[in-house]
Amino acid sequence: MTAWLKRVSLVGLMLLVGIPVLSPAAFAAEFVPLPGADEMPAETQAAIKLAWEIRNPKDAIRSRHLREDGTPLYANRLLAELSPYLNQHAHNPVNWYPWGNEAFAAAANRDLPVLVSIGYSACHWCHVMEEESYDNLEIATFLNEHYVAVKVDRETSPDIDELYLLAVQIMGGYGGWPLHVFITAEGKPFLGMTYVPPAEFEAVLKDVHQVWMEKRSEVENLASLITDEIQAFGLRSGANVELGRQQIEQFIAELDEQDRMIDEFSPPTSSFPSETELFLLLDAALRYEDKTALRLAEKRLTGMALGGIRDHIGGGFHRYTIDNEWLVPHFEKMLYNQAHLARAYLIAYGLTGKALYRRVAEQTLDYVLRDMRDANGAFWSATDADSEGEEGLYFIWTPAEIVEAVGADAEFVIEHYGVTEAGNFAGANILHLAETPEAQALALGTDVAEYLARLTPAVEKMRMVRERREKPYLDDKIITAWNAMMITTLARSESLHPDGRYLKAAVKAAEYLWSRLWDASNTRLYRIQRKGQLGEVGKLKDYAYFAEALLTLYDETAEVEWLNRGQTLVNAMLTQFWDRERGGFFSVGEDEAEGLIVRHKDRFDEALPSGNSVAARSLAMLYQRTGKRIYARTFELLFQAFGGEIAQIPTSYSYAMNALEEFRGGSVGPREYAASGNAKVAFDVVEELEGRVRATVTIDLADGWHIQSDQPLAENLFATRLSSASENWPITHAAYPPAEEINLSFQDNPLSVWSGTVEIPVEFDSLSKPDSVMQLDVRLQACNDEVCLLPETVRLEMPPGRLRG
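In this text, all values refer to a predicted model and were calculated from it rather than measured experimentally.

Colleague: Is there a simple way to think about the overall build of the chain in this case?
Modeller: On a plain count of helices and strands, the chain comes out with 26 helices and 29 strands. With the C-alpha coordinates aligned to their principal axes, the bounding extent of the chain is approximately 90 × 70 × 50 Å. Expressed as a percentage of the 805 residues in the chain, the buried residues total 59%. Long-range contacts, defined as pairs at least 24 residues apart, comprise 71% of the intrachain contacts of the chain with a sequence gap of at least 6. Roughly 32,000 Å² of accessible area belongs to the chain as shown, and the carbon and sulfur atoms make up 50% of that amount.

Colleague: What should I look at first to understand the side chain of Asn-337 in this one?
Modeller: Considering the arrangement of structural elements, one finds Asn-337 in helix 13 (residues 335–352). Reaching out from Asn-337, the side chain makes a polar contact with the side chain of Glu-275 at a distance of 2.9 Å. Apart from the residues within four sequence positions on either side, Asn-337 is in contact with Pro-273, Glu-275, Arg-319 and Ala-342.

Colleague: Is there a simple way to explain the packing of aromatic side chains in this structure?
Modeller: The relation between two aromatic rings is expressed through the spacing of the ring centres and the mutual angle of the planes. Under the defined criterion, the tally for this structure stands at 31 aromatic pairs. Arranged with centres 4.8 Å apart and planes meeting at 75 degrees, the rings of Trp-99 and Phe-104 form a pair that is edge-to-face. With relative accessibility at 13%, the residue Phe-104 sits in the buried group. Taken together, a centroid distance of 5.9 Å and an interplanar angle of 40 degrees make the contact between Tyr-623 and Phe-663 tilted. You can see Tyr-623 sitting in helix 23 (residues 611–626) and its partner Phe-663 sitting in helix 25 (residues 654–665), a full 40 residues away along the chain. You can call Tyr-623 partly exposed: its relative accessible area is 25%. Connected via pairs of aromatic rings, a cluster forms that spans Tyr-147, Phe-182, Phe-190 and Trp-212. Arg-343 extends its terminal NZ or CZ atom over the ring of Phe-279, reaching a point 4.4 Å from the ring centre.

Colleague: Where do I start with the packing of helix 23 against helix 24 (residues 629–648) in this structure?
Modeller: Two quantities define a packed helix pair, namely the angle between the helix axes and the distance between the axes. At a closest axis distance of 8 Å, the pairing of helix 23 and helix 24 adopts a crossing angle of 150 degrees. Taken together, the axis directions place helix 23 and helix 24 in an arrangement best described as roughly antiparallel. Crossing handedness for the pair helix 23 and helix 24: left-handed. Here Asn-612, Ala-616, Leu-619, Ala-620, Leu-622, Tyr-623 and Thr-626 of helix 23 come into contact with helix 24, specifically with Arg-629, Tyr-631, Ala-632, Thr-634, Phe-635, Leu-638, Phe-639 and Phe-642. Considering only residue class, the contact of helix 23 with helix 24 consists of eleven nonpolar, three polar and one charged.

Colleague: I would appreciate a short explanation of the pairing of strand 2 (residues 114–119) in the present structure.
Modeller: Counting buried positions along strand 2 yields six of six residues, so the element is predominantly enclosed. Judged by which residues are buried, strand 2 turns out to be covered on both faces: Val-114, Val-116 and Ile-118 on one side and Leu-115, Ser-117 and Gly-119 on the other are all buried. Here strand 2 runs beside strand 4 (residues 179–183); their pairing, made up of five bridges, is antiparallel. By the bridge assignment for strand 4, Leu-115 is matched with Phe-182.

What counts as what
Residues numbered from 1 in each chain as written. Predicted model: local features only at pLDDT ≥ 70, side-chain atom pairs only at ≥ 80, totals over all residues. Heavy atoms only, no water. Helix = DSSP H or I, 4+ residues; strand = E, 2+ residues; numbered from the N terminus. Buried < 20%, exposed > 50% of the residue type's maximum accessible area, 1.4 Å probe, protein only. Contact = heavy atoms within 4.5 Å. Areas by Shrake-Rupley, 256 points an atom, 1.4 Å probe, with all protein chains shown as cover. Polar contact = N/O pair within 3.5 Å; in protein donor to acceptor, adjacent residues only side chain to side chain. Phe/Tyr/Trp six-rings, centres within 6.5 Å; stacked < 30°, edge-to-face > 60°. Lys NZ or Arg CZ within 6 Å of the ring centre and 35° of its normal. Axes fitted to C-alpha atoms, helices over the stretch in contact; angles between N-to-C directions. Parallel < 35°, antiparallel > 145°, perpendicular 65-115°, else oblique. Left-handed = near helix turned anticlockwise from the far one by under 90°. Nonpolar A, V, L, I, M, F, W, Y, C, P; charged D, E, K, R; others polar. Pairing = 2+ DSSP bridges.

The analysis is restricted to geometry; functional conclusions fall outside its scope.
See the structure below:
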């Protein structure tokens, strides 16, 4: 067994993606029985036949086993599934099962192990392995005879993916996709691996079969030990650790050191955007004016904006690059990257005022609205890396192709994007920039506006030419959590366009999700919809991300219905996912945990913020907007559950720390809530003059509420006061408006108050650092006819980018 173990231990992390697409031919009604498989029940055959008859002709047939008329020879249960990824494997000669009771009952009845294969529709190496191994008749026959094969889409079932990814990591392996885990009929894992070539895969299958037959008790003991470790990981209780700025400074220091090591010593390696890290870096740069955090964020954002990871013609970003320079991507595009990168660039633009960041944010959002949105306003999941069977072919250019597309300005475009005859990828060119357009314009002695005015129509000509190429495969499923990410970003991007198109798109998508994927009668949210059909029920991520989006819409529209809906979702999330014994949220509801060896908690912020981290931010947002203590207390218990881990490995909890900062210090920026959500305080620049700034502070009070004026007329009450928290921005004048006098039932003397909307003009001087963050403290005390709340101070930040914008 030494050779078997050696083979598996050499399997590394493979994260390349793509899928060749074949044109479907006429449909057939009958399929050849799968080689080596037991005869399917009649009802299963009927379901497959029905699915074939109604299947969308645009769905690609991925198999070499075709009849002369181009129709597939084989079909398995995956044809009846909603997932595009599972459909892509529907014509393998493998007797695939979807995850479920039928598969595990078959394994128990036949006394066989289960091979779980996990991937997603845009996964290049998933499709390489399909073509090499799962479409191989010899391998498929052996697999069907000696295993029950289960195929899982990690995007529709992230709970299963997270669980068995953890299992592989506990076994000392590397995570990645395709992920293969050998498990017992009870779901207990005993071996895991990622991609392997066909000869090696066949050898592993035979070795595992031999061990299963000859050393069953050892395999079952190993599976039980690994399962115990997984369950123990899920049950770990956190230490009650005081968390604060120290962990953020540690996080920044660790990223700074990683950056230095990569620059100085690292060989070419994969580079991922890591948006969760960017969010915390940008928050620290604004909240604390941390220069190191800003430098690290800008280095990454500028590198991606110039590099090949960005689609310079159509907008948007590919998922990652295989180098340190952001040059050579794997060309798939994921909705979640577009949502979170556009949000990061939007924040960076506000912080720095750099036009490059604004352009990147706008072009990314415009790409999504143009190419990744359905007729109902919801957003599709991904596009593939391949077209015409070649990776990246849709996106790369030769000089001749640019000349043909652009005409007279071709040389200008070729120079701008560094295009050469030799190329930098497969004999053609991944477009990229050596310098920003601002720097290129300066080198030519022209204004950047004139430079871009010349570039933009040329790029549009190239985009229209590219539209005529065969497009990469589109994964057209709607994922609630990913749609919610895009809704949050679109809503926050409202300031970019006065016509409101981004906010309108956010509202339309949110209304669609709420009307079609939220089941109010059963207080249930669905995760997946495709072609009008509902699929998987919602996981923690779906509830948390959608709540975050709804509360963001409330911020941008002031429509209380969004607040009510957000509160409804958070309440359902607490009921269905909260661990009442140890704190924290489970990834799945109790009903959905049946069949899983452990009810896992999604806690680490990786490519996406974890379900627990986004749930924490939703709780913080809801508490600040309602003042309801249950949300604050749940937030505190969540951080008690994970506090010890956060203190030890802050880089794995970047979005969680973002939520903690927001809970304690409010949302960073020019808007804040006070008085248990009954007062909204905003800060806006009116005019910038030489050396000084005129601004307005606006306080919107809910009906029935007022605040003390700057002259409250009672010694025991606190006056409203504005004060600068920035030594570089002293206040020279604040024009408090006239107040009204009222009498309250619990007060003998009249009070001087403001109610409704209060506007306070204020002027600042810039002493020495006009590029520093302008911070303003607003002290107020809110009352209604029955009670006066304790006085509080909210801090508003105006980033220098907004001052220059």
